[in-house]
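Commentary on secondary and tertiary structure
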Amino acid sequence: SKKPRLKYEEKKELQEHPVAKKLLSIAIEKKSNLIASLDVTQTSEILDLAKKIGDYVVAIKLHTDILTDFSVDYINELKSIAQEKNFLLFEDRKFGDIGNTQQLQFEQGVYKISDWADLITSHVIAGENSLNVFSENIGVVTIAEMSSKGTLTDVTYKQKAIQISEKNSKVIGCVAQSSLPDSLLLFTPGVNLDSKGDSKGQQFNTPEKVFREYYTDFIIVGRGIYKSANPVEEAQKYREEGWRSYEATL
Ligand code: BMP
């Protein structure tokens, strides 16, 4: 039989990075392991959803480059909602280039991600040095394994991505669809209670399955929440389901 997983309190002890500690503190305080991915294209929709579901999540994941009306005012308002409701801002930029280019994408352009993100995602396809450009105060989450059908992130790729992630003090964890060493936090997207997948390659599992089989730390839910008729009810449901499934593995 499988050994029991580490509690969030125990994982917090293992973490050195302030953002990892903060994320785990929020999880413990809110009894939530839910990250809502708000993949909508207007800032007003994000702000509205963030106000409504902010109490139930540990972080809101963003794809800022899909917004049609980005502004600094929007970011400032989102930051104040995040502070009030106690969640982190997670920019899913999936950097995937040489370090110099990633640095420009991280610090410059319209979005100036380095000014406001608490967490960012990065591929490690360009090798370990490409991660050196991210700042110390931002938690880097590497993409070790993807949720989509036919992904190229096979076992060897995943193992190498984990090795790079374990060695780098800026990395707090990985996006993956299987378990990780205890020193890394596991973020699992492709979670939905009502659907098995879409026509574009996404594959969904239930929260129960990803906690039981992978010992994930955080579930990432997109369309299951923001596309539903009642996002508040769904956010509450995923929070409860995620927490119940976590406790069942202890
Ligand atoms: P949805 O639950 O609507 O499928 O959204 C999943 C979110 O997680 C999307 O924002 C997607 O970009 C992200 N994601 C994923 O689905 N699979 C991965 O392997 C990595 C991701 O970041």
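Right, let's walk through the structure included here. (Residues numbered from 1 in each chain as written. Predicted model: local features only at pLDDT ≥ 70, side-chain atom pairs only at ≥ 80, totals over all residues. Heavy atoms only, no water.)

Across its full length, the protein carries nine helices and eight strands. For 250 residues, the compact-globule estimate of 2.2 N^0.38 gives 18 Å, and the C-alpha radius of gyration of the protein, at 17 Å, lies within 12% of that figure. Along the longest, intermediate and shortest principal axes, the C-alpha atoms of the protein span 50 × 45 × 40 Å. Residue burial in the protein is summarised as follows: out of 250 residues, 52% are buried. Considering only residue pairs separated by 6 or more positions, the protein has 67% of its internal contacts joining residues 24 or more positions apart. (Helix = DSSP H or I, 4+ residues; strand = E, 2+ residues; numbered from the N terminus. Rg over C-alpha atoms; globule rule 2.2 N^0.38 Å. Buried < 20%, exposed > 50% of the residue type's maximum accessible area, 1.4 Å probe, protein only. Contact = heavy atoms within 4.5 Å.)

Counting 77 residues, the largest nonpolar core has Tyr74, Ile120, Phe187 and Phe218 as the members making the most contacts within it. Of all the elements, helix α2 (residues 18-30) adds the most residues to this core, at six residues. Among residues more than four places away in sequence, those in contact with tyrosine 74 are Thr43, Ile46, Leu47, Leu62 and Leu67. (Core = buried A, V, L, I, M, F, W, Y, C linked by side-chain atoms within 4.5 Å.)

Before going further, it helps to spend a moment on the environment of asparagine 100. Inspection of the secondary structure assignment puts asparagine 100 in helix α5 (residues 99-107). Through-space distance from the C-alpha of asparagine 100 to that of leucine 131 is 10.0 Å; in sequence the pair is 31 residues apart.

To continue, consider the site of the ligand. Near the ligand you find 14 residues, and of these Asp39, Lys94, Ser147, Gln202 and Arg223 are the closest. Here an oxygen atom of the ligand and a side-chain polar atom of aspartate 92 are 3.0 Å apart. For the ligand, the accessible surface in isolation is 480 Å², of which the surrounding protein chains cover 90%. Placement of the ligand is best described as lying within the largest pocket. Looking at the shell around the ligand, its residues break down into four nonpolar, five polar and five charged. (Near = heavy atom within 4 Å. Polar contact = N/O pair within 3.5 Å; in protein donor to acceptor, adjacent residues only side chain to side chain. Areas by Shrake-Rupley, 256 points an atom, 1.4 Å probe, with all protein chains shown as cover. 1 Å grid on protein atoms, 1.4 Å probe; cavity = no way out; pocket = protein on both sides within 12 Å on 5 of 7 lines; lining within 4 Å. Sits in = over half its atoms within 2 Å of the grid points. Nonpolar A, V, L, I, M, F, W, Y, C, P; charged D, E, K, R; others polar.)

The next subject is the packing of aromatic side chains. This model, assessed by the stated rule, comprises 11 aromatic pairs. Ring centres of tryptophan 243 and tyrosine 246 lie 4.9 Å apart, and the angle between their planes is 55 degrees; this geometry places the pair in the tilted category. Of the two residues, tryptophan 243 and tyrosine 246 are both situated in helix α9 (residues 231-248); the distance of three residues between them amounts to about one turn of the helix. The same class applies to tryptophan 243 as to tyrosine 246, namely buried. Ring pairs connect the aromatic residues Tyr8, Phe90, Phe187, Phe218, Trp243 and Tyr246, which therefore count as one cluster. The ring of tyrosine 8 carries the charged tip of arginine 5 above its face, separated from the ring centre by 5.6 Å. (Phe/Tyr/Trp six-rings, centres within 6.5 Å; stacked < 30°, edge-to-face > 60°. Lys NZ or Arg CZ within 6 Å of the ring centre and 35° of its normal.)

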